[in-house]
Amino acid sequence: MEVAYFDHNATTPLDGRVLEAMLPYFREKYGNASCLYELGVEASYAVEKARMQVAALLNVKEDGIVFTSGGTESDNIAILGVLDALPAKRHIIVSAIEHPAVYAVCDYLGRGGYEISWLDVDSDGRVRPGDVAGLIRENTALVTVMAANNEIGSLQPITEIGKICRSRGVVFHTDAIQAAGKMPIDAEAWQVDLISLSAHKIYGPKGCGALYIYPGTPFVSQQIGGPQESGHRGGTENVPGIVGMGMAAQIAAHDMKEREARIERLREMMWDGLSDIPDLLRNSPRTGCLPGTLNFSVLGVNSRELVRALSAHGFCLTSGSACAQGNSQPSHVLKAIGRNDDEALAALRVSLGKDNSPDEVRRFTHVLPEIVGELRR
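Residues numbered from 1 in each chain as written. Predicted model: local features only at pLDDT ≥ 70, side-chain atom pairs only at ≥ 80, totals over all residues. Heavy atoms only, no water.

A. A look at the overall build of the protein. Regarding its fold elements, the protein presents twelve helices and twelve strands. Taken against the 2.2 N^0.38 rule, which gives 21 Å for 377 residues, the C-alpha radius of gyration of the protein at 21 Å falls within 12% of a compact globule. Dimensions of the protein, computed from the C-alpha atoms along their principal axes, are close to 65 × 55 × 35 Å. Each of the 377 residues in the protein was classed as buried or not, and the buried ones make up 55%. (Helix = DSSP H or I, 4+ residues; strand = E, 2+ residues; numbered from the N terminus. Rg over C-alpha atoms; globule rule 2.2 N^0.38 Å. Buried < 20%, exposed > 50% of the residue type's maximum accessible area, 1.4 Å probe, protein only.)

B. Spotlight on helix 12 (residues 358-376). For helix 12, with 19 residues, the first-to-last C-alpha span of 27 Å sits near the 27 Å given by 1.5 Å per residue. For helix 12, the complete set of buried residues consists of Glu360, Val361, Phe364, Thr365, Val367, Leu368, Ile371 and Val372. Buried positions along helix 12 lie against strand 1 (4-5), helix 8 (239-273), strand 10 (293-298), helix 9 (303-312), strand 11 (315-316) and strand 12 (347-351). (Expected span 1.5 Å × (residues − 1). Contact = heavy atoms within 4.5 Å.)

C. How the structure looks around the pairing of strand 4 (residues 115-119). Summarising the sheet, strand 3 (residues 91-95) and strand 4 pair through five bridges and their orientation is parallel. Counted as the bridge partner of Val94 is Trp118 from strand 4. Handedness of the crossover joining strand 3 and strand 4 through helix 4 (residues 100-111) is recorded here as right-handed. (Pairing = 2+ DSSP bridges. Right-handed = clockwise from strand over helix to strand, strands pointing away.)

D. How the structure looks around the sheet that holds strand 10. Ordered in space as 9-10-12, the three strands form an open sheet in which the pairing is antiparallel. Sheet topology places strand 9 (280-282) and strand 12 at the edges, where each strand pairs with a single neighbour. Here the average twist between neighbouring strands, direction ignored, is 25 degrees. Pairing between strand 10 and strand 12: five bridges, direction antiparallel. Pairing of Asn295 across the sheet is with Arg349, part of strand 12. Across the face of the sheet, helix 12 comes into contact with strand 10 and strand 12 while running at roughly 25 degrees to strand 10. (Axes fitted to C-alpha atoms, helices over the stretch in contact; angles between N-to-C directions.)

E. Molecular detail of the packing of helix 3 (residues 71-85) against helix 4. As a packed pair, helix 3 and helix 4 sit with axes 9 Å apart at the nearest point and diverge in direction by 35 degrees. Relative to helix 4, the crossing made by helix 3 is right-handed. Contacts from Thr72, Asp75, Asn76, Ile79, Leu80 and Leu83 in helix 3 reach Ala101, Val102, Val105, Cys106 and Leu109 in helix 4. Here the contact of helix 3 with helix 4 is built from residues that sort into eight nonpolar, two polar and one charged. (Left-handed = near helix turned anticlockwise from the far one by under 90°. Nonpolar A, V, L, I, M, F, W, Y, C, P; charged D, E, K, R; others polar.)

F. Structural detail: the packing of helix 2 (residues 38-58) against helix 8. Orientation of helix 2 relative to helix 8, taken along the N-to-C sense of each, is 30 degrees, at an axis distance of 8 Å. The orientation of helix 2 relative to helix 8 falls into the category roughly parallel. The hand of the helix 2/helix 8 crossing is left-handed. Residues Ala43, Ala46, Val47, Ala50, Gln53, Val54 and Leu57 of helix 2 form the contact with helix 8, whose participating residues are Val239, Ile242, Val243, Met245, Gly246, Met247, Ala249, Gln250, Ala252, Ala253 and Met256. (Parallel < 35°, antiparallel > 145°, perpendicular 65-115°, else oblique.)

G. View of the packing of aromatic side chains. Following the criterion strictly, the structure yields five aromatic pairs and no others. Here Trp271 and Phe296 contribute two aromatic rings whose centre-to-centre distance is 6.2 Å and whose plane-to-plane angle is 55 degrees, an arrangement assigned as tilted. Of this pair, Trp271 sits in helix 8 while Phe296 sits in strand 10, and the two are 25 residues apart along the sequence. With respect to burial, Trp271 and Phe296 carry one shared label: buried. Between the aromatic rings of Phe315 and Phe364, the centroid separation amounts to 5.3 Å while the plane-to-plane angle is 75 degrees, which identifies the pairing as edge-to-face. Here Phe364 lies in helix 12 and Phe315 lies in strand 11, a separation of 49 residues in the sequence. Accessibility classification places Phe315 together with Phe364 in one group, the buried group. Three or more aromatic residues link up through ring pairs in this structure, and these residues are Phe6, Phe315 and Phe364. Over the face of the ring belonging to Tyr114 we find Arg90, whose NZ or CZ atom lies 3.9 Å from the ring centre. Above the face of the Tyr214 ring, Arg166 is positioned so that its terminal group lies 4.6 Å from the ring centre. (Phe/Tyr/Trp six-rings, centres within 6.5 Å; stacked < 30°, edge-to-face > 60°. Lys NZ or Arg CZ within 6 Å of the ring centre and 35° of its normal.)

H. Representation of the nonpolar core in the model. Counting 65 residues, the largest nonpolar core has Ile65, Phe67, Val143, Ile195 and Leu197 as the members making the most contacts within it. Of all the elements, helix 8 adds the most residues to this core, at ten residues. Not counting residues within four places of it along the chain, the set of residues in contact with Leu197 comprises Val54, Leu58, Gly70, Gly71, Ser74, Ala176, Ile177, Ala180, Gly209, Ala210 and Met245. One finds Leu306, Val307, Leu317 and Leu352 within the second-largest nonpolar core, a separate group that totals 27 residues. (Core = buried A, V, L, I, M, F, W, Y, C linked by side-chain atoms within 4.5 Å.)

I. Fine view of the sheet that holds strand 8 (residues 209-213). Strand order in this open sheet of seven strands is 2-8-7-6-5-3-4, and the pairing throughout is mixed. Each having just a single partner strand, strand 2 (65-68) and strand 4 make up the two edges of the open sheet. Adjacent strand axes in the sheet meet at a mean angle of 20 degrees, parallel and antiparallel pairs treated alike. In this structure, strand 3 lies alongside strand 5 (residues 140-144), joined through four bridges in parallel fashion. Bridge pairing links Val94 to Thr144 in strand 5.

J. How the structure looks around the pattern of salt bridges. The final tally for this structure, using the stated rule, is 19 salt bridges. With a shortest N-O distance of 3.4 Å, Arg111 and Asp107 are connected by a salt bridge. Taken together, the residues span about one helical turn, with Arg111 and Asp107 both in helix 4 at a distance of four residues. The partly exposed category is assigned to Asp107, whose relative accessible area is 34%. Taken together, the shared-partner salt bridges connect Asp15, Arg17, Asp255, Arg259, Lys354 and Asp355 into one network. (Salt bridge = Lys/Arg side-chain N within 4 Å of Asp/Glu carboxyl O.)

In short, the description is geometric, and any link to function would need to be established separately.
Written out as structure tokens, the structure is:
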């Protein structure tokens, strides 16, 4: 059976060029990057080259890049590292549609005595910068707003929020895990203090991520050990993973403009092809959206049944965030944009990638109406 992979927001297949770059560091170049003999120096050079490649994707200096085990760690240590550095400040501002790697941490901190201000979003899933300004106070330690939402694809006004935070002296973190490689990121223009990234969202390996820390940002390491990563994260570097992330970042920076324009055309081709299905509700915004993300609700059908039926026809997609697939509750993102429980539980998320084709989209738009008709009957 021919498989069409439509779940690139969950993970991406490893690019062949990334695998080729990684392979030598599993065997021939296996040195510890902290060691001074040739094998170690060779590994160290590879890590520093990757640091430059990731920095170039963000338009920052390489000494601000800290490699981690992935996006969840990057988000976690960004938040906890700032709070530990600013113990007198007990207030956090966070958007209501964050990924669980941020949302769950802030919820946990709120139960532990921190004051959490949850930012509402409009019907397109966007934060209003004025709301951020209105919530900042003397004891605000951190504002955290994701650059692009993983479920509906909405892009946030990061530059405007960054200006507000910088002018008020408040640390600003953004989870750019879905945005990286799909839209230009300029940390200087955004005036953001911390940026979280994940390799496996940009055709790199799982188990590797990065956190950008702007010089002078208050931050306390959350992983105590050796002096690796300029003292920001102890532990032996995952050299093959880091090499892979660097190569993935370099490829993304080079191919982004052409790749994402083609993916956006496929997304709209898909939506147009589904227009004859009755009671279809588009949850992704029509503008200001990630190029490959299309979230919609098929009213009157449970999305889990729909995902299983589509899987039987060779389509891989989800009903929301991959990190929430074990949760039977309605998506907090869809609830935040005004969907009721039934609408939220009927949602599908398609996230297209660089290897998807028009033929796959046409096949999907032919199969989905048939399955919907059967389930509704």
